[in-house]
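Tertiary structure, described
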Amino acid sequence: MSNRAVAYIEPGKVEVETIDYPGLELKDGPGVAPANVGRKCRHGVILKVLSTNICGSDQHMVRGRTTAPAGLVLGHEITGEVVERGPDVEFVQVGDVVSVPFNIACGRCRNCKERKTGICLNVNPARPGAAYGYVDMGGWVGGQAEYVMVPYADFNLLVFPDPDQAREKLLDLTMLSDIFPTGFHGVVTAGGGVGSTVYVAGAGPVGLAAAASAQLLGAAVVIVGDLNAERLAQARSFGCETVDLTKGSPEEQIDQILGVPEVDASVDAVGFEAREHAKNAEEAPATVLNSLMTLTRAGGALGIPGLYVTDDPGSADPDAQAGTLKMRLGLGWAKSHVFTTGQCPVMRYHRALMQAILHDRVHIAKAVNATVLSLEDAPRGYAEFDKGASRKYVLDPHGALQGAQAA
Ligand SMILES: NC(=O)c1ccc[n+]([C@@H]2O[C@H](COP(=O)([O-])OP(=O)(O)OC[C@H]3O[C@@H](n4cnc5c(N)ncnc54)[C@H](O)[C@@H]3O)[C@@H](O)[C@H]2O)c1
Ligand SMILES: [Zn+2]
Ligand SMILES: [Zn+2]
C-alpha cells in the first residue's frame, strides 16, 4: 500500500512524497537514531491518520533553525483510526479512534512512572524524550502522512469513547495531541487559576490555546501579547485583552488594562525565535524570558512551553548558536520565580481536556482558527503559517474533515 507523507527537504522547503507503508519495526531512514534501527514494536499499532496538524515546532526545523536532516518525515500532532495492531497490544482495538500524544513514552521507565512522559528514558538513544517526525527525537517516523506507526500503543493512546462522536468533533479533538494540553500545561505551571491575571506571550496556536486554557481555568483577565496584528485580533475574538509589542515592552499596556504593571501568572508561548519589543524587531532569544520575569509578581511562576534548543546553527549570535542566552536570572531569583520548561507531558491533561471538548465546555478549534487542508496542500500551509497567518493548519489525508469548520 502506498503512503504519502510530508518531508523536510531544505530550509523553506517541504514536499509531499511517497514513503513506505509503516510496519511494526523502526527502519533506517533520515533522522533515525542508529541504535533505534531495527527496533521491534510488537506493542505498536498502525493508524490511518484522520487529522495531523502543522506546528510552530515544525517551523523551527523548516526555517533551517535546527540540525534536521533532509528527508525527515514531519508530523507529531496525530489523530487516527487503528487499522492494525501488534501481537503485544492488549487493550486498544482495531477501529478505535485515538489521539496520539506527541511525546513517545514507554510507560516502563522511571520518568514515565512519575508521569514525566516528555522525558521518557527508553525511546530515544540520544537523550531523554522522543516525538514523531522531529529532529533529535529518536527518528520515529512523522505522522503528516496517510499512515503512521505508534509504539507502546496501550500506554500512549487516548481512545475516544465513541468513534462516531469523535469524527464529528475531530477538528477540536485534533488539538489534544499537542497544543491544547501544551497551552493548558503552560497556564497550570504558571499558577493560573480562578481569579488570576494571566499574560501569555505569543498569539500563535500555542499562545491562543494557553489563553483559552486560562479562561477554562477561571482566570479573571487573560492578556495576550504579540507583534502580529492579525493574531492579536484572533485573541480578542474570544475575549482576551491584547498588547501590541510593536509599541514597546508590555508592562505599560498591562498597567493600562489592570491598573498595575504586573500579572499573577505568565506563559512563554514563543521560544527561542523571540523578537524584541519594537517595530521591525530583530530576533533576541531571551526577550520573552526577561520580559516575563519583569512583569510576573514576586512569588509567581513562569510556564515556558516555548521551545529552547541546545543548538541553533541558524542564529546570528555565536552564544545563541550553542543555546546560551542572555537571561537576567538574578531578577527571577530576586522575585522567587518558579520556572517550568520542557515538552508538555500531554498524557497528564488529554483525558480531561477531551471531556471539556466533548461536553462543549471549550471551543478550541475556533480559538486557534483551525483551518483544514489536504495532505497534498501541506507545502502551502507551511508557507502561509511561516508568514504569520492567524491559523492552525490541520491536514486531512483521508478526507475525514471535508467541510469541517471550527464552531
Ligand atoms: N513545550 C512543548 O511541549 C511545546 C509544544 C508545542 C509547541 N511548542 C513551542 O511553542 C512555541 C509556540 O508555538 P506556535 O505553534 O504557537 O508557534 P508560532 O511560531 O506560530 O507562534 C509564535 C508567536 O510568537 C510571536 N512572537 C515573537 N516574538 C515575540 C515576543 N517577544 N513576545 C510575544 N510574541 C512574540 C510571533 O509573532 C508568533 O506569532 C514554539 O516555540 C513551539 O516550538 C512547545
Ligand atoms: Zn506541535
Ligand atoms: Zn519511559
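Residues numbered from 1 in each chain as written. Chains lettered and ligands numbered in written order. Predicted model: local features only at pLDDT ≥ 70, side-chain atom pairs only at ≥ 80, totals over all residues. Heavy atoms only, no water.

Some remarks on the overall build of the protein
Within the protein one finds 15 helices and 17 strands. By its C-alpha atoms, the protein is 60 × 50 × 40 Å across when sized along the principal axes. Sequence-distant contacts, at least 24 apart, represent 70% of the contacts inside the protein between residues at least 6 apart. Of the roughly 16,100 Å² that the protein leaves accessible, carbon and sulfur atoms contribute 49%. If the 35 positive side-chain charges of the protein are averaged to one point and the 46 negative ones to another, these points end up 4 Å apart. (Helix = DSSP H or I, 4+ residues; strand = E, 2+ residues; numbered from the N terminus. Contact = heavy atoms within 4.5 Å. Areas by Shrake-Rupley, 256 points an atom, 1.4 Å probe, with all protein chains shown as cover. Lys, Arg positive; Asp, Glu negative; His and termini not counted. Charge placed at Lys NZ, Arg CZ, Asp CG, Glu CD.)

Let's talk about the coordination of the zinc ion (ligand 3)
Bound to the zinc ion (ligand 3) are the protein donor atoms Cys 106 (SG), Cys 109 (SG), Cys 112 (SG) and Cys 120 (SG), situated 2.3 to 2.4 Å from the metal. Of note is the zinc ion (ligand 3), whose 4 donor atoms meet at the metal with angles of 99 to 119° in an arrangement that counts as tetrahedral. Of note, the donors binding the zinc ion (ligand 3) are all from one chain and are spaced C-x2-C-x2-C-x7-C. Each member of the pair Cys 112 and Cys 120 is classed as buried. (Donors = N, O, S within 2.8 Å, 3.2 Å for Na, K, Ca; no water. Tetrahedral: all angles 85-135°; square planar, octahedral: opposite > 155°, others 65-115°. Buried < 20%, exposed > 50% of the residue type's maximum accessible area, 1.4 Å probe, protein only.)

Regarding the coordination of the zinc ion (ligand 2)
The reference angle at a metal is 109.5 degrees if four donors form a tetrahedron and 90 or 180 degrees if six donors form an octahedron. Surrounding the zinc ion (ligand 2) are the protein donor atoms Cys 55 (SG), His 76 (NE2), Glu 77 (OE) and Asp 178 (OD), at 1.9 to 2.3 Å. For the zinc ion (ligand 2), the 4 donor atoms in the first shell make angles of 93 to 130° at the metal, so the coordination geometry reads as tetrahedral. Between consecutive donors of the zinc ion (ligand 2), the numbers of intervening residues give the motif C-x20-H-E-x100-D. With His 76 in the loop between helix 1 (56-62) and strand 6 (78-85) and Asp 178 in the loop between helix 5 (170-173) and helix 6 (179-189), this residue pair connects regions lying 102 residues apart in the sequence. Note on accessibility: His 76 and Asp 178 belong to one class, buried.

Here we look at the packing of aromatic side chains
For the structure on display, the rule yields 3 aromatic pairs. Judged by centre distance (4.9 Å) and plane angle (55°), the ring pair of Tyr 21 and Tyr 147 falls under tilted. Taken together, the positions of Tyr 21 in the loop between strand 2 (13-19) and strand 3 (25-26) and Tyr 147 in strand 8 (residues 147-150) put the pair 126 residues apart, joining distant regions of the chain. (Phe/Tyr/Trp six-rings, centres within 6.5 Å; stacked < 30°, edge-to-face > 60°.)

Some thoughts on the domain arrangement of the protein
Its domain assignment divides the protein into domain 1 (3-178 + 345-396) and domain 2 (182-340). Between the C-alpha centres of domain 1 and domain 2 there is a distance of 26 Å. Counting the surface lost from both domain 1 and domain 2, the interface buries some 2,100 Å², and carbon and sulfur atoms represent 56% of this. Joining domain 1 to domain 2, the criterion identifies 4 salt bridges. Among the salt bridges present, the one from Glu 283 reaches Arg 65, with a minimum N-O distance of 2.9 Å. For the interface between domain 1 and domain 2, the tally reads 13 residue pairs in polar contact (both at pLDDT 80 or more). For the side of domain 1 that touches domain 2, the secondary-structure elements that each account for two or more residues are helix 13 (350-358) and helix 14 (364-367). Here the element with the most residues in the side of domain 1 that touches domain 2 is helix 14; it accounts for 3 residues. (Domains from an automatic or database assignment. Buried area = accessible area lost by both parts, 1.4 Å probe. Salt bridge = Lys/Arg side-chain N within 4 Å of Asp/Glu carboxyl O. Polar contact = N/O pair within 3.5 Å; in protein donor to acceptor, adjacent residues only side chain to side chain.)

What about helix 8 (residues 229-236)?
Those residues of helix 8 lying buried are Arg 231, Leu 232, Gln 234 and Ala 235. Each buried residue of helix 8 sits inside an arc of 155° when the element is viewed along its axis, so together they form one side. Turning to helix 8, the residues buried within the fold contact helix 7 (205-216), strand 11 (221-226), strand 12 (241-244), helix 14 and helix 15 (378-386). Capping the start of helix 8, Asn 228 holds a side-chain oxygen 3.0 Å from the backbone nitrogen of Glu 230, two or three residues further along. (Arc of directions from axis to C-beta.)

Structural notes on the nonpolar core
Val 6, Leu 74 and Leu 176 are the most contacted members of the largest nonpolar core, which has 74 residues in total. The leading source of residues in this core is helix 7, at 7 residues. Two domains each put at least three residues into this core: domain 1 (3-178 + 345-396) and domain 2 (182-340). Setting aside chain neighbours within four positions, we find Val 6 in contact with Val 14, Glu 15, Val 16, Leu 72, Val 73, Leu 74, Gln 144, Leu 375, Ala 378, Tyr 382 and Leu 395. (Core = buried A, V, L, I, M, F, W, Y, C linked by side-chain atoms within 4.5 Å.)

A closer look at the side chain of Thr 174
Note on placement: Thr 174 falls in the loop between helix 5 and helix 6. The exposure class of Thr 174 is buried, given its relative accessible area of 0%. Residues within four places of Thr 174 in sequence aside, it is in contact with Ser 51, Thr 52, Asn 53, Thr 79 and Val 394.

Regarding the pairing of strand 8
Burial along strand 8 is two-sided: the face carrying Tyr 147 and Met 149 and the face carrying Val 148 and Val 150 are both buried. Relative to strand 8, strand 5 (residues 45-53) runs antiparallel, the two being bridged by 4 bridges. The residue bridging Ile 46 from the neighbouring strand is Met 149, located in strand 8. (Pairing = 2+ DSSP bridges.)

Focus on the site of ligand 1
Near ligand 1 lie 31 residues; those nearest to it are Ser 57, Asp 226, Arg 231, Arg 275 and Cys 344. Measuring from an oxygen atom of ligand 1, one finds a backbone N or O atom of Leu 307 at 3.1 Å. One of the backbone nitrogen or oxygen atoms of Cys 344 is found 2.8 Å away from an oxygen atom of ligand 1. Here ligand 1, which alone exposes 860 Å², has 92% of that area covered by the protein. Put simply, the parts of the chain that give the shell around ligand 1 at least two residues each are helix 1, helix 7, strand 11 and helix 10 (287-295). In terms of residue count, the dominant contributor to the shell around ligand 1 is helix 1 (3 residues). Looking at side-chain class alone, the shell around ligand 1 contains 15 nonpolar, 12 polar and 4 charged residues. Of the domains in this structure, domain 1 (3-178 + 345-396) and domain 2 (182-340) are the two that each give at least three residues to the shell around ligand 1. (Near = heavy atom within 4 Å. Nonpolar A, V, L, I, M, F, W, Y, C, P; charged D, E, K, R; others polar.)

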